[in-house]
Amino acid sequence: MDQPDFGMLLPTGESYRVVPTRPVDAVWHAALQISEPYTAACKEIAGHYVHHRPILTEAMQDGTAITYTLAALHDTGYRVDMEFWGGEAESCCPPNPPQPGK
């Protein structure tokens, strides 16, 4: 099975998914509801629109995904508030719902 390309690369060259914790996901869902400022923030921060594509991966289940996500966040040089980022990555929706274009 092909590995999905999530745009973030590990030192091995394998891609991985950046994942939110439960508190961060709640804020993201709230932000998605107001599309114009959300779209503008995505373009400013990520350079493109960040789609919501819920999926539950093995890396989320074993804790690897949050480890890589935290490393990527720390690499930005910005302060990472562990009150919101401490914890496990979780899928906010049923495991592996249908994805657009699949």
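Each value, and the rule that gives it
Residues numbered from 1 in each chain as written. Predicted model: local features only at pLDDT ≥ 70, side-chain atom pairs only at ≥ 80, totals over all residues. Heavy atoms only, no water. Helix = DSSP H or I, 4+ residues; strand = E, 2+ residues; numbered from the N terminus. Buried < 20%, exposed > 50% of the residue type's maximum accessible area, 1.4 Å probe, protein only. Contact = heavy atoms within 4.5 Å. Areas by Shrake-Rupley, 256 points an atom, 1.4 Å probe, with all protein chains shown as cover. Salt bridge = Lys/Arg side-chain N within 4 Å of Asp/Glu carboxyl O. Phe/Tyr/Trp six-rings, centres within 6.5 Å; stacked < 30°, edge-to-face > 60°. pLDDT = per-residue confidence, 0-100. Expected span 1.5 Å × (residues − 1). Arc of directions from axis to C-beta. Core = buried A, V, L, I, M, F, W, Y, C linked by side-chain atoms within 4.5 Å.

## What about the overall build of the protein chain?
Helix and strand counts for the protein chain stand at five helices and two strands. Along the chain direction, N to C, the helices and strands of the protein chain fall in the order β-β-α-α-α-α-α. Counting the 102 residues in the protein chain, one finds 24% classified as buried. Taking all contacts inside the protein chain whose residues are at least 6 apart in sequence as the whole, residues at least 24 apart take part in 57%. Of the roughly 7400 Å² of accessible surface on the protein chain, 57% is carried by carbon and sulfur atoms.

## Focus: the environment of Glu-88
Assignment of secondary structure puts Glu-88 in the segment after α5 (82-85). Each C-alpha atom, one on Glu-88 and one on Arg-22, is 7.6 Å from the other, the two residues being 66 residues apart in sequence.

## Here we look at the pattern of salt bridges
If you walk through the whole model with that rule in mind, you get one salt bridge. Across the pair Arg-79 and Asp-81 runs a salt bridge whose closest N-O atoms are separated by 3.7 Å. You can call Asp-81 partly exposed: its relative accessible area is 22%.

## Here's the deal with the packing of aromatic side chains
Counted according to the given criterion, the structure contains one aromatic pair. A ring pair is formed by Tyr-38 and Tyr-49, whose centres lie 5.4 Å apart and whose planes are at 85 degrees; its orientation type is edge-to-face. Here Tyr-38 is found in helix α2 (residues 35-45), whereas its partner Tyr-49 is found in the loop between α2 and α3 (58-62), with eleven residues between them in sequence. Judged by its relative accessible area of 8%, Tyr-38 falls in the buried class.

## Regarding the confidence of the model for the protein chain
Summarising the model, the protein chain shows a mean pLDDT of 78, and 76% of its residues fall at 70 or more. Mean pLDDT across the secondary structure elements of the protein chain bottoms out at strand β1 (residues 8-9), with 66, and peaks at α2, with 92.

## Remarks on helix α4 (residues 64-75)
The terminal C-alpha atoms of α4, which comprises twelve residues, lie 17 Å apart, in line with the 16 Å expected from a rise of 1.5 Å per residue. Buried within α4 are the following residues: Ala-65, Ile-66, Thr-69, Leu-70 and Ala-72. Each buried residue of α4 lies within a common arc of 160 degrees when the element is viewed along its axis, so the set occupies one face. Among the exposed residues of α4, those oriented more than 90 degrees off its buried face are Thr-67 and Asp-75.

## Here we look at the nonpolar core
Within the largest apolar cluster, nine residues are counted, these being Val-19, Val-24, Met-60, Ala-65, Ile-66, Leu-70, Val-80, Trp-85 and Ala-89. Ranked by residue count, the leading element in this core is α4, at three residues. Among residues more than four places away in sequence, those in contact with Ala-65 are Arg-17, Val-19, Ala-59 and Met-60.

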